[in-house]
Amino acid sequence: MTDLPDWSGDEAEITRTVRLPTFMDAIAVVDRVAVVAEEMDHHPDIDIRWRTLTFRCSTHSAGKVTDRDIELARRIDEIVANQS
Ligand SMILES: C[C@H](O)[C@H](O)[C@H]1CNC2=NC(N)=NC(=O)C2=N1
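As the structure is a computational prediction, the values presented were derived from the model and not from experiment.

Procedures and definitions
Residues numbered from 1 in each chain as written. Predicted model: local features only at pLDDT ≥ 70, side-chain atom pairs only at ≥ 80, totals over all residues. Helix = DSSP H or I, 4+ residues; strand = E, 2+ residues; numbered from the N terminus. Rg over C-alpha atoms; globule rule 2.2 N^0.38 Å. Contact = placed C-beta atoms within 7 Å. Near = placed C-beta within 6 Å. Nonpolar A, V, L, I, M, F, W, Y, C, P; charged D, E, K, R; others polar. Expected span 1.5 Å × (residues − 1). Buried ≥ 20, exposed ≤ 12 C-beta atoms within 10 Å, placed from the backbone. Arc of directions from axis to C-beta. Pairing = 2+ DSSP bridges.

A few words now on the overall build of the protein. A tally of regular secondary structure across the protein gives two helices and four strands. From first element to last, N terminus to C terminus, the protein shows the α and β order β-β-α-β-β-α. Taking 84 residues into account, the globule formula puts the C-alpha radius of gyration at 12 Å, and the protein, at 12 Å, falls close to it. Principal-axis analysis of the C-alpha atoms places the extent of the protein at approximately 35 × 25 × 20 Å. A separation of at least 24 residues holds for 60% of the contacts in the protein among residues at least 6 apart in sequence.

Right, dumping it as structure tokens:
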């Protein structure tokens, strides 16, 4: 995606996988994303495998990617940039 270069996907869902230095760094990212998701009332699917996280953003109620997913992806990018 042009304005989200670390994300891939289609109109149904966008996804980003990121590897952090340690498992605890990965968990810290998940914790910060959880705070933002609650603020936004918009929640990514998160897969945790040791220090690798995969985020999936889609708007369940719409069945597609909306502006809320793009905003959530931007916020996830900020958190990852500050943690790695
Ligand atoms: C009522 C409340 O707005 C909804 O249940 C929210 C909560 N978080 C959500 N998160 C996502 N990703 N998609 C949704 O449709 C959604 N719906």
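Inspection of the region around the ligand gives Asp41, His42, His43, Thr59, His60 and Ser61 as its neighbouring residues. Along the lines of polarity and charge, the residues of the shell around the ligand split into no nonpolar, five polar and one charged.

This part takes up helix H2 (residues 67–83). Its 17 residues place the ends of H2 25 Å apart at the C-alpha level, agreeing with the 24 Å of an ideal helix rising 1.5 Å per residue. Of all the residues in H2, the buried ones are Asp69, Leu72, Ala73, Ile76 and Val80. Each buried residue of H2 lies within a common arc of 105 degrees when the element is viewed along its axis, so the set occupies one face. Facing away from the buried side of H2 by over 90 degrees, the exposed positions are Asp67, Arg74, Glu78, Ala81 and Asn82. On its buried face, H2 sits against strand E2 (14–19), helix H1 (23–40) and strand E4 (52–57).

Residues of E4 alternate between two faces, with Leu53, Phe55 and Cys57 buried on one and Thr52, Thr54 and Arg56 left unburied on the opposite face. As paired elements, E2 and E4 share six bridges and run antiparallel to each other. Paired with isoleucine 14 across the two strands is cysteine 57, which belongs to E4. In terms of strand pairing, strand E3 (residues 45–49) meets E4 through five bridges, oriented antiparallel. Opposite aspartate 47, over in E4, you have threonine 54 as the bridge partner.

Any link to function would need more than the numbers given here.
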